[in-house]
Amino acid sequence: MKARWILVLLVLIAVAAAMPWVFYDWVHHRQSGFMISMLSQMGMMVILALSYNMLLGQAGLFSLCHATFFGIGGYAMVHLLDAAGKDGFPVPMELMPPLAGCAGLALAAVFGSIAARQRATAFAMITFGIGELMATSALMFHHFFGGEGGVSTDRMIDNSLFGLSYASGLQVYYLILAWTVIAIALMYFLTQTPLGRMANATRDNYERAQFMGYDPRMVRFLQFTLAGFFAGIGGGLYAITYEIVTFDSLAAPLSANALLMAYIGGTAVFGGPILGAILITVLQSGVSLLSNSWLIYVGVLFIAMVIYAPTGLAGMIVAHGPIRRAGRLRGLIVPYARLVLPGIALVLGFVGMVELLSFLTIGAAQGKKLVLFGSQIDVQAALPWALSGGSLLIGAVWLKFEAGHFHRVWEDLIADLRPNR
């Protein structure tokens, strides 16, 4: 089993390494700057989401300040790069991300000594206050944070273990990929340690863990501190990539992003936040180019996951495990196929209504023209509204019917797999 998962991991690493060349422009012999940027963003967000899940999924801690440690890692990296460029700080570029992680760890240790004394709602409120405190501090203390404009740097410090200049985005991407793999491996290792097991125990029943002689506060503190370390690594990579860090990197929206990525991907499965980070990054980088309403789609996706798939994408995949092992996956092919058409109708209708409403309130006033599904749309005509509304309504009713059929088939399969008593 372990050998199989190691093989899968190696294949995924190889795919990630090959992705920039999949989108390489062979005619003009140049990389796609957009794809390199998006892939780099994915790596950073994977680290952020997995480190957040050390709190939410593994320890049951609902943090609202996780971006704080990501951001402080970014600010620390900027100053480290400045020191390396001007004062000859003797650390090669490849070894700097852990130093940014140490900045996140140090700040997490300070705030963790306060927040880890509480749990549940009180913990969430304390972390919310921490996040707002740091976001405000970033605007007030210009010497370190640079105010609204942030602080900038130059990543070409002429100090590399491999003689690289990091002038190109491709070199930076491979540095991010390397540290993403290292961070994933270390975070997975932590789940197998006694600390990881006790984090699960305090999440499930902290009173029983305390009765067994463990201190839940210390477990929460250590988990909070280590999560800050890995978030700091992600922030350091962010600073290397963009060569500028502003207060947005430690503000509340990024903490909310970490929550979205972890929850949508699945908090109960270690690799779930990886799926969530990839999906949210694609939505942010790709869909945002096509529509100004992309945040609505992300919000609706999150609500739908909470209501209909609380275990996340990874949890849905894992749920098929017993059926696959029993060789019964074929029984789900037709039920899944029946969900496709109503699902498409629902999505097309929803997208049509959102884009029409958005354009009517914003785009029309700016004198723009709405192009939807490859065609120019007249928002004053009744037909686009009727088609979108009808597709949305029919798709919703049809999908509800097919979902009921799918649920019955699923329950029958699960019942057949249960041992007879």
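Everything discussed here concerns the structure shown above.
The rules behind each value
Residues numbered from 1 in each chain as written. Predicted model: local features only at pLDDT ≥ 70, side-chain atom pairs only at ≥ 80, totals over all residues. Heavy atoms only, no water. Helix = DSSP H or I, 4+ residues; strand = E, 2+ residues; numbered from the N terminus. Rg over C-alpha atoms; globule rule 2.2 N^0.38 Å. Buried < 20%, exposed > 50% of the residue type's maximum accessible area, 1.4 Å probe, protein only. Contact = heavy atoms within 4.5 Å. Areas by Shrake-Rupley, 256 points an atom, 1.4 Å probe, with all protein chains shown as cover. Lys, Arg positive; Asp, Glu negative; His and termini not counted. Charge placed at Lys NZ, Arg CZ, Asp CG, Glu CD. Phe/Tyr/Trp six-rings, centres within 6.5 Å; stacked < 30°, edge-to-face > 60°.

Undergrad: Would you mind going over the overall build of the protein chain with me for this structure?
TA: Within the protein chain, the regular secondary structure consists of 16 helices and four strands. Against the 2.2 N^0.38 benchmark of 22 Å for 421 residues, the protein chain shows a C-alpha radius of gyration of 24 Å, consistent with a compact globule. Reported as C-alpha extents along the three principal axes, the dimensions of the protein chain are approximately 65 × 65 × 45 Å. Burial status across the protein chain gives 44% buried among its 421 residues. Within the protein chain, contacts between residues at least 6 apart in sequence are counted, and of these 75% link residues at least 24 apart. By element, 68% of the accessible surface of the protein chain is carried by carbon and sulfur atoms, the whole surface being about 21,900 Å². On the protein chain, the mean spot of the 23 positive side-chain charges and the mean spot of the 19 negative ones are 15 Å from each other.

Undergrad: Looking at this structure, I do not really get the packing of aromatic side chains. What am I missing?
TA: Each aromatic ring pair is described using two quantities: the centre-to-centre distance and the angle formed by the ring planes. This model, assessed by the stated rule, comprises 16 aromatic pairs. Plain terms: the ring middles of Tyr 263 and Phe 302 are 5.7 Å apart, the flat faces sit at 70° to each other, and that makes the pair edge-to-face. Taken together, the residues Tyr 263 in helix 10 (residues 252-265) and Phe 302 in helix 12 (residues 294-308) connect sequence positions 39 residues apart. Phe 302 gets classed as partly exposed once you look at its relative accessible area, which sits at 22%. Through pairs of rings, three or more aromatic residues link up here, namely Trp 21, Tyr 24 and Trp 26.

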